[in-house]
Amino acid sequence: MPKITTIKEHLNEEELLNRYRQAENPAERSHWQIIWLLASKQRVNQVAQVTGYTPGWIRELARRYNSLGPQGLKDRGQTIAGAKPLLDQNLQTELELVLQQPPPDGGLWSGPKVAEWIGAKLARKVHRQRGWEWLGRMDYTLQQPRPHHASSSAEAVEEFKKTPKSNRNITQRAPQSGI
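From a predicted model like this one, the values you see are computed outputs, not experimental measurements.

Procedures and definitions
Residues numbered from 1 in each chain as written. Predicted model: local features only at pLDDT ≥ 70, side-chain atom pairs only at ≥ 80, totals over all residues. Heavy atoms only, no water. Patch = residues over 30% accessible without salt bridge, like charges linked within 9 Å, V, L, I, M, F, W, Y side chains within 5 Å. Areas by Shrake-Rupley, 256 points an atom, 1.4 Å probe, with all protein chains shown as cover. Salt bridge = Lys/Arg side-chain N within 4 Å of Asp/Glu carboxyl O. Lys, Arg positive; Asp, Glu negative; His and termini not counted. Charge placed at Lys NZ, Arg CZ, Asp CG, Glu CD. Helix = DSSP H or I, 4+ residues; strand = E, 2+ residues; numbered from the N terminus. Buried < 20%, exposed > 50% of the residue type's maximum accessible area, 1.4 Å probe, protein only. Axes fitted to C-alpha atoms, helices over the stretch in contact; angles between N-to-C directions. Parallel < 35°, antiparallel > 145°, perpendicular 65-115°, else oblique. Contact = heavy atoms within 4.5 Å. Nonpolar A, V, L, I, M, F, W, Y, C, P; charged D, E, K, R; others polar. Phe/Tyr/Trp six-rings, centres within 6.5 Å; stacked < 30°, edge-to-face > 60°. Arc of directions from axis to C-beta. Core = buried A, V, L, I, M, F, W, Y, C linked by side-chain atoms within 4.5 Å.

Caption draft 1: Just a negative patch on the surface, in detail. A contiguous patch of negative charge on the surface is contributed by Glu-9, Glu-13, Glu-14 and Glu-15. Within the secondary structure layout, Glu-14 lies in helix α1 (residues 13–22). Overall, Glu-14 belongs to the exposed group, its relative accessible area being 58%.

Caption draft 2: Structural view of the packing of helix α2 (residues 26–39) against helix α4 (residues 55–68). At a minimum axis separation of 10 Å, α2 and α4 run at an interaxial angle of 85 degrees. Between α2 and α4, the interaxial angle falls into the category roughly perpendicular. For the pair α2 and α4, contact is made by His-31, Trp-32, Ile-34, Ile-35 and Leu-38 and by Trp-57, Ile-58, Leu-61, Ala-62, Arg-64 and Tyr-65, respectively. Along the lines of polarity and charge, the residues of the contact of α2 with α4 split into nine nonpolar, one polar and one charged.

Caption draft 3: Inspection of the packing of aromatic side chains at higher detail. Summed over the entire model, instances satisfying the criterion amount to two aromatic pairs. Taken together, a centroid distance of 5.8 Å and an interplanar angle of 15 degrees make the contact between Tyr-20 and Trp-36 stacked. Residue Tyr-20 is located in helix α1, and its partner Trp-36 is located in helix α2; the two are separated by 16 residues in the primary sequence. For Tyr-20, a relative accessible area of 16% translates into the label buried. Under the relative-accessibility criterion, Trp-36 is labelled partly exposed at 22%. Relative to Tyr-65, the ring of Trp-32 lies with its centre 6.4 Å away and its plane at 75 degrees, an arrangement referred to as edge-to-face. Taken as a pair, Trp-32 in helix α2 and Tyr-65 in helix α4 lie far apart in primary sequence, 33 residues in all. With respect to class, Trp-32 is no different from Tyr-65; both count as buried.

Caption draft 4: Summary view of helix α3 (residues 44–51). Considered for burial, the residues of α3 that qualify are Val-44, Val-47, Ala-48 and Thr-51. End-on, the buried residues of α3 take up no more than an arc of 105 degrees, which puts them together on one face. Counted as exposed and oriented over 90 degrees from the buried face of α3: Gln-49 and Val-50. Buried residues belonging to α3 abut α2 and α4.

Caption draft 5: The arrangement of the nonpolar core in detail. Membership of the largest hydrophobic core comes to 20 residues, with the highest contact counts inside it found for Ile-7, Leu-16, Trp-32, Ile-35, Leu-38, Ile-58 and Tyr-65. Within the residue set of this core, elements represented by two or more residues are α1, α2, α3 and α4. A total of six residues in this core trace back to one element, the largest contributor, which is α2. Beyond its immediate sequence surroundings of up to four residues, Ile-35 is in contact with Ile-7, Leu-16, Leu-61, Ala-62, Tyr-65 and Leu-73.

Pasting the structure below:
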């Protein structure tokens, strides 16, 4: 049978239970629950079954709590810096100005075209998905005119737009029989 993980008595069991019940941050709440269960002499595998966390993570939390005390259970997810954005502020501004003009090959701006522009600026290959992401971040959407019927003339379309719906000669379907 696995041994019980020792938890230093920075706080007693009742204080650990109170911290668990009063925690507002969901991650910290789980951390307090894990330490409280371990302090209650439950084994790591039992705690893993109850909480859904892996035994390795539970042991890591126990080590952090034993070495740092209650401060070791803070949610560290909020302090991780994350990756640096692909475009700095200057390039974002430049891209915004470029997107207001038609692309070099004509047509409309698309993800692959924006990715190609970014790749040229950064002197490296940029996946076309990054182009779509930057278009979305800058609130650009693909705008295409609605298709027109091939046999309609411009005059007929304008006449149709001017005619009130109540006066249009629209053929209705014949009612289906209930057979």
